Amino acid sequence: MDESTPPPPDIDAYTPPPPPSASTGTPTDFLKGVVGKKVIVRLTSGVDYRGVLSCLDGYMNIALEQTEEHVNGVVTNRYGDAFIRGNNVLYISAAEPL
């Protein structure tokens, strides 16, 4: 090694990052925990729907209340209630702390 090359990091001094602060659990636990709360539903088309999760079933069919449709981050429509067919859902995330 020449003098301009830094020494390799000390492997024994490595500390892994802390685990995420969110509690761990199954996807079913998460979905049960967000019913009645604000969520973001991303569709396979890239469109987001944000609203209060009213209910969902085993096929991921979703009913939202107070729904807003977001395309490229811009609100394009507002709906009272929206029903989303499960095969269009890419993911559901919580829009507020659990």
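Residues numbered from 1 in each chain as written. Predicted model: local features only at pLDDT ≥ 70, side-chain atom pairs only at ≥ 80, totals over all residues. Heavy atoms only, no water.

- Under an unreviewed UniProt entry, the protein has the name U6 snRNA-associated Sm-like protein LSm6 and belongs to Suillus discolor.
- UniProt's Sequence similarities (unreviewed entry) comment on the protein is quoted here verbatim: "Belongs to the snRNP Sm proteins family. SmF/LSm6 subfamily."
- Per its UniProt entry, the protein bears the Subunit (unreviewed entry) comment "Component of the heptameric LSM1-LSM7 complex, which consists of LSM1, LSM2, LSM3, LSM4, LSM5, LSM6 and LSM7. Component of the heptameric LSM2-LSM8 complex, which consists of LSM2, LSM3, LSM4, LSM5, LSM6, LSM7 and LSM8. The LSm subunits form a seven-membered ring structure with a doughnut shape." (UniProt positions renumbered as here; feature names shortened; annotations may be inferred.)

## Concerning the pattern of salt bridges
Here is step 1 of the chain: Inspection of the entire model under this criterion finds three salt bridges.
Here is step 2 of the chain: Here Arg50 and Asp48 are joined by a salt bridge, their closest N and O atoms 3.9 Å apart.
Here is step 3 of the chain: Of the charged contacts, one joins Glu68 and Arg78 as a salt bridge, the two residues approaching to 3.2 Å between their closest N and O atoms. Note that Glu68 is positioned in strand β3 (residues 62-71) and Arg78 in strand β4 (residues 74-84), a separation of ten residues in sequence. (Salt bridge = Lys/Arg side-chain N within 4 Å of Asp/Glu carboxyl O. Helix = DSSP H or I, 4+ residues; strand = E, 2+ residues; numbered from the N terminus.)

## Side note on the sheet that holds strand β1 (residues 38-43)
Here is step 1 of the chain: In space, the five strands of this open sheet follow the order β4-β3-β2-β1-β5, with antiparallel pairing throughout. On the outer flanks of this sheet lie β4 and β5 (89-94), each paired with one strand and no other. Each neighbouring strand pair of the sheet contributes to a mean axis angle of 25°, computed without reference to strand direction.
Here is step 2 of the chain: Across nine bridges, the pairing between β3 and β4 is antiparallel. Bridge pairing links Glu69 to Asn77 in β4.
Here is step 3 of the chain: Relative to the sheet, helix α1 (residues 27-34) contacts β1, β2 (48-56) and β5, its axis offset from that of β5 by approximately 60°. (Pairing = 2+ DSSP bridges. Axes fitted to C-alpha atoms, helices over the stretch in contact; angles between N-to-C directions. Contact = heavy atoms within 4.5 Å.)

## Side note on the side chain of His70
Here is step 1 of the chain: Mapped onto the fold, His70 is located in strand β3.
Here is step 2 of the chain: Here the side chain of His70 touches Glu68 through a polar contact of 3.2 Å, side chain to side chain. (Polar contact = N/O pair within 3.5 Å; in protein donor to acceptor, adjacent residues only side chain to side chain.)

## Topic: the side chain of Thr67
Here is step 1 of the chain: For Thr67, the position within the fold is in strand β3.
Here is step 2 of the chain: There is a polar contact of 3.4 Å between the side chain of Thr67 and the backbone oxygen of Leu64.
Here is step 3 of the chain: Apart from the residues lying within four places of it in its own chain, the contact partners of Thr67 are Tyr49, Arg50, Gly51, Asn77, Arg78, Tyr79, Gly80, Asp81 and Ala82.

## Overview of unusual backbone geometry
Here is step 1 of the chain: Located in the positive-phi region is Met60, a residue other than glycine, with phi close to 70°.
Here is step 2 of the chain: Position of Met60 among the secondary structure elements: in the loop between β2 and β3.
Here is step 3 of the chain: Using a relative accessible area of 26% as the deciding quantity, one classes Met60 as partly exposed.
Here is step 4 of the chain: Its identity is not glycine, yet Asn72 carries a phi of approximately 55°, on the positive side. (Buried < 20%, exposed > 50% of the residue type's maximum accessible area, 1.4 Å probe, protein only.)

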